[in-house]
Amino acid sequence: MSALRSAFGKRDAAIFPGALAVPVPGSFRSSSSGADVTDQTALSLMTFFAGVRIIADSITFLPLRAVKILADGTRSPLPVSPCQIVSPFAVFSLQEGISQIITSLILRGNAYLYAVAWDGAMNPIVWRILTPDQVIVDWNKQGQRQYKINNVLADPSRMTHISNFMLAGSPKGAGIIEYCRNSLGLGIALEEVAGSFFKNGIMSTGIISVDAPMPDEVARQTAQQFVQNHSGTKNAHLPIVMGGGAKYTPMSLTPEDAQFIQSRDFANISIATLLGIPPHLLGMVDRTTSWGTGIEVQGRAFVDFTLRPYIQRLQTMFTGWCGSGVYAEFVTDALTRADSTVRFAGYMRQITDGWANVDEVRAQEGRPALPNGAGQVYRNPATQVPSSDAGGIIAAGPPSPLAAQNPNTGDPNANDSN
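*Asks:* Please explain the environment of T336 as it appears in this structure.
*Replies:* Among the structural elements, T336 can be located in the loop between β14 (327-330) and α10 (340-352). It is 7.4 Å that separates the C-alpha atoms of T336 and V303, two residues lying 33 residues apart in sequence. If we skip the residues at most four places from it in the chain, T336 touches R300 and V303.

Here you go:
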């Protein structure tokens, strides 16, 4: 391994007892509703799982490229991207690694990576993704971050730490599981109540009445027998047979039941708010939203206010890995792409205003250039004739009628003796 040096030594063996240790479950967090909130229980909520998946998948499959910024400020993509952004994660592919980083940022507010291999110039090129529960981060006496991985002090120069938004003075980011556990706990508790309702009996609450007095023990046995025979989904449609003059009177939906349904809707809206996702992306299309007046506007707001902070953090991480002069960037055009009618109107404006030619517009749609340089001509915005310079310098149009009357001033009255 002359060009690739592995750094997995004795100290790493102490940090990572198993070569591929199974990630430990999320930290236990109790909530005011009594429900236990961990990574697993939070993701058991369909709305929360869908929201995390939408954010992670929206970023994971964006094209990632390396660029250099030229002297004139333009960004020039490199023909070959460095290995730090092609395959930087041990064991996992680029997409799998990005997905894990985004998920850790959402749930815990932090993502940790540990360098495990270098190239011949001793630049790190492979990182191992750590579960947040493996890492303890704090300030040392010099006011710098120190990291412990599985309770073993780690070399900070090998750590890559990405944080979500942070509280003042904190060495790490704030995560949803820790700071919003009561909101998530409410959703978990409501799901447990709904599951118990269907498990133990999907019938509405009712009253069993008899004409003659009934001893307490007999009444208890009758109620237990009724529950046993008619509880659960398997017994949901069995007919109710009452003997001995007993009558069963089902009760309509109680105010408590109606409030339960409203509480579940509220929990779903709270989750959408926590994740910063437009409600329609989570299947909530029966309510108004302040995200915008159309699907396209809402989608653009989702990119700007929700996805862009995660994208920028990842770009900063990859850029730091690539070295001086190379920048990593995600191509987000697909996320902000307008519909065909709007795009084509914009392309026509680019051509007629003279600041883009046909080939440049075709490139935006992924189409090849026209043959024989036919698409390299720029148009004069005043006359719509080809410019004298295909490089983009717009030639002057024909003289105006006013200028023809007086070449010096363009004033038609300048030569008027009166």
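*Asks:* Could you clarify how one ought to interpret the sheet that holds strand β8 (residues 135-139) in this entry?
*Replies:* By definition, the strands of a sheet pair up through backbone hydrogen bonds, in either a parallel or an antiparallel sense. Pairing is antiparallel across the open sheet formed by three strands, whose spatial order is β8-β9-β10. Both edges of this open sheet fall to β8 and β10 (152-153), since each of them pairs with a single strand only. Here five bridges tie β8 to strand β9 (residues 145-149), and the two strands are oriented antiparallel to one another. In the strand pairing of β9, D138 is matched with Q146.

*Asks:* Would you mind going over the pattern of salt bridges with me for this structure?
*Replies:* Side chains that differ in sign of charge can pair as their charged atoms come close. Overall, the coordinates contain eight salt bridges when judged by the stated rule. Two residues, R108 and D39, come together in a salt bridge whose shortest N-O distance is 3.0 Å. Separated by 69 residues along the polypeptide, R108 in helix α4 (residues 94-108) and D39 in helix α2 (residues 39-43) bring together distant segments of the chain. Assessed through its relative accessible area of 15%, R108 is described here as buried. With relative accessibility at 14%, the residue D39 sits in the buried group. Here E329 ties to R65 by a salt bridge, and the two come within 2.6 Å at their closest N and O atoms.

*Asks:* Quick question: what am I supposed to make of the packing of aromatic side chains here?
*Replies:* The full count for this structure, using the stated rule, is seven aromatic pairs. Seen in terms of ring centroids, F318 and F330 are 6.4 Å apart; in terms of plane orientation they differ by 70 degrees. Their pairing is edge-to-face. Linking F318 in helix α9 (residues 295-322) with F330 in strand β14, this pair joins segments that are twelve residues apart in sequence. What links up through ring pairs into an aromatic cluster is the set F89, W127, F318, W321 and F330.

About the cut-offs
Residues numbered from 1 in each chain as written. Predicted model: local features only at pLDDT ≥ 70, side-chain atom pairs only at ≥ 80, totals over all residues. Heavy atoms only, no water. Helix = DSSP H or I, 4+ residues; strand = E, 2+ residues; numbered from the N terminus. Contact = heavy atoms within 4.5 Å. Pairing = 2+ DSSP bridges. Salt bridge = Lys/Arg side-chain N within 4 Å of Asp/Glu carboxyl O. Buried < 20%, exposed > 50% of the residue type's maximum accessible area, 1.4 Å probe, protein only. Phe/Tyr/Trp six-rings, centres within 6.5 Å; stacked < 30°, edge-to-face > 60°.

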